Amino acid sequence: MRTTDCLILGGGLAGWMAARECVLAGLRPLIVQDGQGASPWVHGFNAPVHPEDSPACFLEDTLQSGQGLSTPELASALCEDALDVFELLRSLNLSFNREGDGYQMLRPLGASHPRVVSIGNETGVAVLKTLRKELEGRVDEWSETRALRLTTNGKQVTGALCYHRKDQSFTQVAAKTVVLACGGYCGIFPVSTNKRDSGGDGVAMAYEAGARMCDMEFIQFEPSAALWPAALIGTSMITTLLFEGAVLRNREGERFMLRYGPEGEKVGKDVMARRIAEEVAAGHGTKHGGVYFDATAVGRERLESGYAMYVERYRAVGIDLASEWIELGPAPHTSLGGVQMDENGRTSLEGLYACGEVTGGLHGANRIGGNAGLETLVFGRRAGRSAAAYAQRLESAENAEEKNILPVFGGEGCGEFLSEARQKMQQALQFGAGAVRNGENLARSEETLRCLLQQIDRLHGKNGSEEFERLRLRNDLTAALMTVISARARLDTLGCHTRSDWPEPPEEAYRVIIQKNGAGRMECRKEEV
């Protein structure tokens with residue numbers, strides 16, 4: 001049994017920002033991480049530093065993008081803290097890209113002004129490196145370790161069950177407080193812009209412990225995910241290029257987005273993903289099932305200066321972005337739903353805090369580009385600060401009950417089943433919870449996922465490694481089931497959630513809540529906003 005004041009689950013930007021606040025409060029947190037999630041691929045984040053921009057304008061854009069479902073307190077915290085976080089990073093000697101006398105900024109879809117600031121072409125890498133260096137020697141870190149379950153004592157969250165990949169062993173950690181910072185779960189889909197360390201553990205652990213989950217039906221499909229060449233499948237192309245001259249074309253070379261209005265490609269990601277899916281369904285898709293992204297009008301000089309990371313990515317596979325079109329299409333990119341929290345990262349469970357993409361309620365029905373990176377910084381800091389204050393009020397870390405904490409394994413094993421079950425889960429998600437959904441497909445997907453969960457609960461791994469994979473898949477199945485159930489419950493089309501059988505928006509705003517009931521079953525209900 002390992003004890004700590006503050007257990008942080010996740011080693012990305014949100015986790016390290018939370019750790020920084022714990023250290024500033026005089027605590028020594030433990031970070032458990034199995035990769036850095038999407039953080040190393042954060043190109044930049046929103047900050048209203050443009051002369052014509054303001055936190056108020058930023059907030060208006062964020063709420064408008066959320067289409068009535070962004071929790072106002074969360075959106076206000078995000079937009080009000082943006083400049084403070086920007087100045088904090090500057091104080092840590094991080095230099096933001098400049099253009100003349102001002103900062104170089106990109107304009108994301110859904111923004112009234114250029115707003116994305118960046119550090120070189122790899123902002124996430126730069127910030128992570130700086131935070132780790134600043135906190136060196138003051139944070140305990142378990143790498144190649146993944147949390148699988150939260151422990152509780154009936155009153156509060158008391159720690160987590162973790163698995164160490166290197167020695168294939170399980171450890172129970174007791175903590176005064178736990179911060180969920182383990183990212184989103186789009187990696188459970190068969191094709192995603194996320195890395196494979198992006199799974200359903202965070203939302204599943206919170207659900208199983210009894211936390212309120214919200215907005216799980218909203219998966220933002222990146223409209224510009226690579227479909228070819230094979231080496232780049234799933235990697236996303238930054239959509240700020242659409243404000244710099246890049247356009248979308250169908251198989252015939254037509255700028256099909258102009259059929260919907262003079263704004264063309266300058267629409268929200270939710271709308272663009274839907275229209276690409278419709279174009280492909282109508283028979284106008286490219287060879288690999290998408291559309292063409294044509295950035296030739298941007299010009300080589302601008303591409304090289306502002307988008308070098310993307311130029312190099314395609315150059316490495318023999319494609320010149322300045323002169324060639326590439327094939328792109330919608331792919332799951334950001335999970336907008338998750339653990340419901342308040343503006344300080346508090347969840348519905350005592351002792352459990354959350355930040356970053358594992359949470360829900362901030363983005364509502366759709367997310368503005370650049371807000372995902374900012375979200376990790378703002379709420380990582382807020383959740384860390386709140387968790388540290390909570391831990392300081394407790395005298396000691398209370399041990400969780402021993403019952404059913406450490407897994408049981410041995411026997412014949414279940415490796416073949418796990419491989420087949422993961423494929424079935426991915427197929428069910430693609431079939432029912434894609435960019436365009438309908439009730440019949442969702443019902444069939446739900447049936448498949450429920451059946452797989454029942455089967456997996458009757459099995460045990462033959463050793464620690466296989467039991468780990470079983471628990472991982474169980475978490476992913478739980479995340480998938482919550483997504484499908486929430487999507488079935490929302491009988492309308494709103495933001496990232498498109499129902500072909502219910503194409504109209506809701507008459508009044510409501511939120512879909514998922515929570516385990518007293519009988520241990522998954523309960524879904526709607527609440528007015």
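Residues numbered from 1 in each chain as written. Predicted model: local features only at pLDDT ≥ 70, side-chain atom pairs only at ≥ 80, totals over all residues. Heavy atoms only, no water.

## Digging into the sheet that holds strand 16 (residues 338–340)
Line of reasoning, step 1. Within the open sheet, the five strands sit side by side as 18-16-11-19-20. Their pairing is mixed. Of all strands in the sheet, those with a lone pairing partner are strand 18 (359–360) and strand 20 (522–528), marking the two edges.
Line of reasoning, step 2. Pairing between strand 19 (residues 510–516) and strand 20: seven bridges, direction antiparallel. The residue of strand 20 that forms the bridge with Lys 516 is Met 522.
Line of reasoning, step 3. Strand contacts of helix 5 (residues 201–209): strand 11 (213–214), strand 16, strand 19 and strand 20, with the helix running at about 70° to strand 19, the strand carrying the most contacts. (Pairing = 2+ DSSP bridges. Helix = DSSP H or I, 4+ residues; strand = E, 2+ residues; numbered from the N terminus. Contact = heavy atoms within 4.5 Å. Axes fitted to C-alpha atoms, helices over the stretch in contact; angles between N-to-C directions.)

## Examining helix 1 (residues 13–24)
Line of reasoning, step 1. Taking 1.5 Å as the rise per residue, helix 1 with twelve residues should run 16 Å; its terminal C-alpha atoms sit 17 Å apart, in good agreement.
Line of reasoning, step 2. With eleven of twelve residues buried, helix 1 lies mostly within the body of the structure.
Line of reasoning, step 3. The set of residues buried in helix 1 consists of Leu 13, Ala 14, Gly 15, Trp 16, Met 17, Ala 18, Ala 19, Arg 20, Glu 21, Cys 22 and Val 23.
Line of reasoning, step 4. Just downstream of helix 1, Gly 26 is the residue with a positive phi angle, here 95°. (Expected span 1.5 Å × (residues − 1). Buried < 20%, exposed > 50% of the residue type's maximum accessible area, 1.4 Å probe, protein only.)

## Re the packing of aromatic side chains
Line of reasoning, step 1. Per the counting criterion, the structure on display carries nine aromatic pairs.
Line of reasoning, step 2. Measuring from centroid to centroid gives 5.9 Å for Phe 45 and Phe 96, while their planes differ by 80°, and the two rings are edge-to-face. On the criterion of sequence distance, the pair formed by Phe 45 in strand 3 (residues 45–46) and Phe 96 in the loop between helix 3 (72–91) and strand 4 (98–99) is long-range, its members being 51 residues apart.
Line of reasoning, step 3. The exposure class assigned to Phe 96 is buried, which follows from its relative accessible area of 7%.
Line of reasoning, step 4. When the centroid spacing of 4.5 Å and the interplanar angle of 40° are considered together, the rings of Phe 86 and Phe 96 count as tilted. Taken together, the residues span a long stretch of sequence, with Phe 86 in helix 3 and Phe 96 in the loop between helix 3 and strand 4 at a distance of ten residues. Of the two residues, Phe 86 and Phe 96, neither departs from the other in class, the shared state being buried.
Line of reasoning, step 5. Grouping aromatic residues by their ring pairs yields a cluster made of Phe 45, Phe 86, Phe 96 and Tyr 103.
Line of reasoning, step 6. When the ring centre of Tyr 510 is taken as origin, the NZ or CZ atom of Arg 490, which lies over that ring, is 4.1 Å away. (Phe/Tyr/Trp six-rings, centres within 6.5 Å; stacked < 30°, edge-to-face > 60°. Lys NZ or Arg CZ within 6 Å of the ring centre and 35° of its normal.)

## Considering the packing of helix 1 against helix 4 (residues 123–134)
Line of reasoning, step 1. Where helix 1 contacts helix 4, the axes come no closer than 10 Å and their chain directions differ by 30°. The pairing of helix 1 with helix 4 is recorded here as roughly parallel in orientation. Two packed elements cross with a definite hand, and for helix 1 against helix 4 that hand is left-handed. Here helix 1 contributes Leu 13, Trp 16, Met 17 and Arg 20 to the contact with helix 4, which in turn contributes Gly 124, Val 127, Leu 128, Leu 131, Arg 132 and Glu 134.
Line of reasoning, step 2. Classifying every residue of the contact of helix 1 with helix 4 by side-chain character gives six nonpolar, one polar and three charged. (Parallel < 35°, antiparallel > 145°, perpendicular 65-115°, else oblique. Left-handed = near helix turned anticlockwise from the far one by under 90°. Nonpolar A, V, L, I, M, F, W, Y, C, P; charged D, E, K, R; others polar.)

## Considerations on unusual backbone geometry
Line of reasoning, step 1. Along the chain, Trp 228 connects to Pro 229 via a cis peptide bond; the corresponding omega equals 5°.
Line of reasoning, step 2. Tracing the backbone through its elements, the reader meets Pro 229 in the loop between strand 12 (219–226) and strand 13 (247–249).
Line of reasoning, step 3. A positive phi angle, close to 55°, is found at Gln 67, a residue other than glycine.
Line of reasoning, step 4. Counting through the fold element by element, Gln 67 comes out in the loop between helix 2 (55–66) and helix 3.
Line of reasoning, step 5. Judged by relative accessible area, Gln 67 falls into the partly exposed class, the value being 33%.

## As for empty space enclosed by the protein
To find leftover empty space, a probe the size of one water molecule is rolled over the atoms.
Line of reasoning, step 1. A complete count under the given rule lists one cavity of 30 Å³ or more for this structure.
Line of reasoning, step 2. Taken as a whole, the largest cavity spans an internal volume of roughly 50 Å³.
Line of reasoning, step 3. Forming the walls of the largest cavity are Ile 219, Phe 221, Asp 270, Ala 273, Arg 274, Ala 435, Gly 495, Cys 496 and Thr 498.
Line of reasoning, step 4. Mapped onto the lining of the largest cavity, the elements with two or more residues apiece are strand 12 and helix 6 (269–284).
Line of reasoning, step 5. Here the residues of the lining of the largest cavity are counted per class, giving five nonpolar, two polar and two charged. (1 Å grid on protein atoms, 1.4 Å probe; cavity = no way out; pocket = protein on both sides within 12 Å on 5 of 7 lines; lining within 4 Å. Points joined across faces, edges and corners; volume = space filled by probe spheres on them.)

## Details of helix 6
Line of reasoning, step 1. Between the first and last C-alpha of helix 6 there are merely 20 Å, a value that for 16 residues lags more than 12% behind the 22 Å anticipated at 1.5 Å per step.
Line of reasoning, step 2. Residues of helix 6 that are buried in the fold lie against strand 12, strand 13, strand 14 (291–294) and strand 15 (326–335).

## A short note on the sheet that holds strand 15
Line of reasoning, step 1. As summarised here, the arrangement of the four strands in space is 12-15-14-13, forming an open sheet in which the pairing is antiparallel. Since the sheet does not close on itself, it has two edges, and those belong to strand 12 and strand 13, each with one partner. Averaged over all pairs of adjacent strands, the angle between their axes in this sheet comes to 45°, without regard to strand direction.
Line of reasoning, step 2. Here three bridges tie strand 14 to strand 15, and the two strands are oriented antiparallel to one another. Across the sheet, the residue bridging to Tyr 292 is Glu 327, located in strand 15.
Line of reasoning, step 3. Packed onto the sheet, helix 6 meets strand 12, strand 13, strand 14 and strand 15 and runs at close to 60° relative to strand 12.

## Topic: the pairing of strand 14
Line of reasoning, step 1. With three bridges joining them, strand 13 and strand 14 adopt antiparallel strand pairing. Paired with Arg 249 across the strands is Tyr 292, a residue of strand 14.

## Points about the environment of Gly 373
Line of reasoning, step 1. Residue placement: Gly 373 occurs in helix 9 (residues 371–393).
Line of reasoning, step 2. What makes Gly 373 buried here is its relative accessible area of 6%.
Line of reasoning, step 3. The sequence separation of Gly 373 and Gly 384 amounts to eleven residues, and the corresponding C-alpha distance is 17 Å.
Line of reasoning, step 4. When neighbours within four sequence positions are excluded, Gly 373 is seen to be in contact with Val 42 and Phe 45.

## A word on the nonpolar core
Nonpolar side chains in soluble globular proteins generally cluster together in the buried interior.
Line of reasoning, step 1. Core analysis: the biggest nonpolar cluster contains 58 residues, and Leu 7, Leu 9, Leu 180, Met 213 and Met 425 have the highest contact counts within it.
Line of reasoning, step 2. Look past the residues within four positions of Leu 9 in its chain and what remains in contact with it is Val 32, Ala 147, Leu 150, Ala 160, Val 178, Val 179, Leu 180, Ala 181, Cys 182 and Met 205.
Line of reasoning, step 3. In this structure, Leu 74, Leu 89, Leu 94 and Met 341 belong to the second largest nonpolar core, which totals 55 residues. (Core = buried A, V, L, I, M, F, W, Y, C linked by side-chain atoms within 4.5 Å.)

## Let's talk about the confidence of the model for the protein
If pLDDT is low for a region, its predicted coordinates should not be looked at in detail.
Line of reasoning, step 1. Looking at the protein as a whole, the pLDDT averages 94, with 98% of positions reaching at least 70.
Line of reasoning, step 2. Confidence drops under a pLDDT of 50 for residues 399–403, and excluding neighbours within four residues, the segment shows eleven contacts in the predicted structure. (pLDDT = per-residue confidence, 0-100.)

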